[in-house]
Amino acid sequence: VTKMRAREYIQKLQSFQNFKIDISADRLFHSIMLINPDADFLYEYAKALAGEIMTDGKENLVTQNKVDKEIHPDLFVVGKDKAIDAQGVKDLLSTLYVAPYEGDKKVYIINNFDDVAPNPANKLLKTLEEPPAGTTFILLVKNETRVLQTLLSRAQKFYVEGYTEDELTSILKEEGVQN
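Residues numbered from 1 in each chain as written. Predicted model: local features only at pLDDT ≥ 70, side-chain atom pairs only at ≥ 80, totals over all residues. Heavy atoms only, no water.

**Q** Any chance you could break down the overall build of the protein for me, citing the residues and the numbers?
**A** Within the protein one finds nine helices and five strands. What you see in the protein, going N to C, is helices and strands ordered as α-α-β-α-α-β-α-β-α-α-β-α-β-α. Seen along its three principal axes, the alpha-carbon backbone of the protein occupies a region of about 50 × 35 × 25 Å. Per-residue burial over the protein gives 45% buried out of 179 residues. Here the contacts in the protein between residues at least 6 apart in sequence split such that 79% fall between residues at least 24 apart. Summing over all exposed atoms, the protein offers an accessible surface of approximately 9500 Å²; the carbon and sulfur share of this is 51%. (Helix = DSSP H or I, 4+ residues; strand = E, 2+ residues; numbered from the N terminus. Buried < 20%, exposed > 50% of the residue type's maximum accessible area, 1.4 Å probe, protein only. Contact = heavy atoms within 4.5 Å. Areas by Shrake-Rupley, 256 points an atom, 1.4 Å probe, with all protein chains shown as cover.)

Pasting the structure below:
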């Protein structure tokens, strides 16, 4: 699925519309756990959400493009290739209290959060519970039963809908797959 098509699809989802309302009303929780078994879909959803957070729900293509390309200075992506480890947590914490460069928001996307070992995960407890003002954590989880209970209680959980069967069929047909 092309990134543009994924973003267009994600922006139409009811869960995403609800997030936009919460962002505009300044009601977004500081630690959000997105749950869906499709890691690639979760990541695209998280980037679209990060762009909305950084622009306070106002359309800003420059910011969204920087987020999509992962070059926005206030977007931190960790655990993309492998689950965040002790060094990854230490690196994350070292950037936490640095002021945002563009705007007044920072977003951390933590991939594979359900694969984080207990020791590094426990080092994030206080940070997830009380991050600095303007900081949002988006935790990507494929299987919530693998997340420590103490961490589950520190984030607001959202089960995000994935691609529908009709959407997947349409995409496959466009790519020349018949069955």
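**Q** Mind laying out the sheet that holds strand β3 (residues 106–110), listing which residues take part and the relevant values?
**A** Taken in spatial order, the five strands line up as β2-β3-β4-β1-β5 in an open sheet, and their pairing is parallel. This sheet does not close on itself; its edge strands, each paired only once, are β2 (75–78) and β5 (156–159). Here the strands of the sheet are splayed against their neighbours by 20° on average, with no regard to which way each runs. (Pairing = 2+ DSSP bridges. Axes fitted to C-alpha atoms, helices over the stretch in contact; angles between N-to-C directions.)

**Q** Describe in detail the packing of aromatic side chains, supporting the description with residues and values.
**A** Given two aromatic rings, their pairing is described by the distance between the two centres and the angle made by the two planes. Applying the stated criterion across every chain, the model contains six aromatic pairs. Between the aromatic rings of Phe 16 and Tyr 45, the centroid separation amounts to 5.7 Å while the plane-to-plane angle is 85°, which identifies the pairing as edge-to-face. Of this pair, Phe 16 sits in helix α2 (residues 14–24) while Tyr 45 is found in helix α3 (residues 39–54), placing the two residues 29 residues apart along the sequence. The pair formed by Phe 16 and Tyr 45 is uniform in burial state, with each residue classed as buried. (Phe/Tyr/Trp six-rings, centres within 6.5 Å; stacked < 30°, edge-to-face > 60°.)

**Q** Run through the nonpolar core, naming residues and quoting values.
**A** If you look at the biggest cluster of nonpolar residues, it comprises 27 residues, and the most contacted ones within it are Leu 34, Tyr 45, Leu 49, Ile 109 and Ile 138. If you list the elements that add at least two residues to this core, you get α1 (3–12), α2, β1 (31–35), α3, β3 and β4 (135–141). With 10 residues, the single largest contributor to this core is α3. Apart from residues no more than four positions distant in its own chain, Ile 138 is found in contact with Ile 32, Leu 34, Ala 46, Leu 49, Ala 50, Ile 53, Val 107, Tyr 108, Ile 109 and Ile 110. In terms of nonpolar packing, the next biggest core, distinct from the first, is built from 22 residues, Leu 92, Leu 96, Phe 113 and Ala 155 among them. (Core = buried A, V, L, I, M, F, W, Y, C linked by side-chain atoms within 4.5 Å.)

**Q** Give me the lowdown on the pairing of β3, citing residues and values where you can.
**A** Counting buried positions along β3 gives five out of five residues, so the element sits mostly inside the fold. Neither face of β3 is left uncovered, since the one carrying Lys 106, Tyr 108 and Ile 110 and the one carrying Val 107 and Ile 109 both have all their residues buried. Pairing geometry for β2 and β3, over four bridges, is parallel. The residue bridging Val 77 from the neighbouring strand is Ile 109, located in β3. Read as a crossover between parallel neighbours, the route from β2 over helix α5 (residues 86–95) to β3 is right-handed. (Right-handed = clockwise from strand over helix to strand, strands pointing away.)

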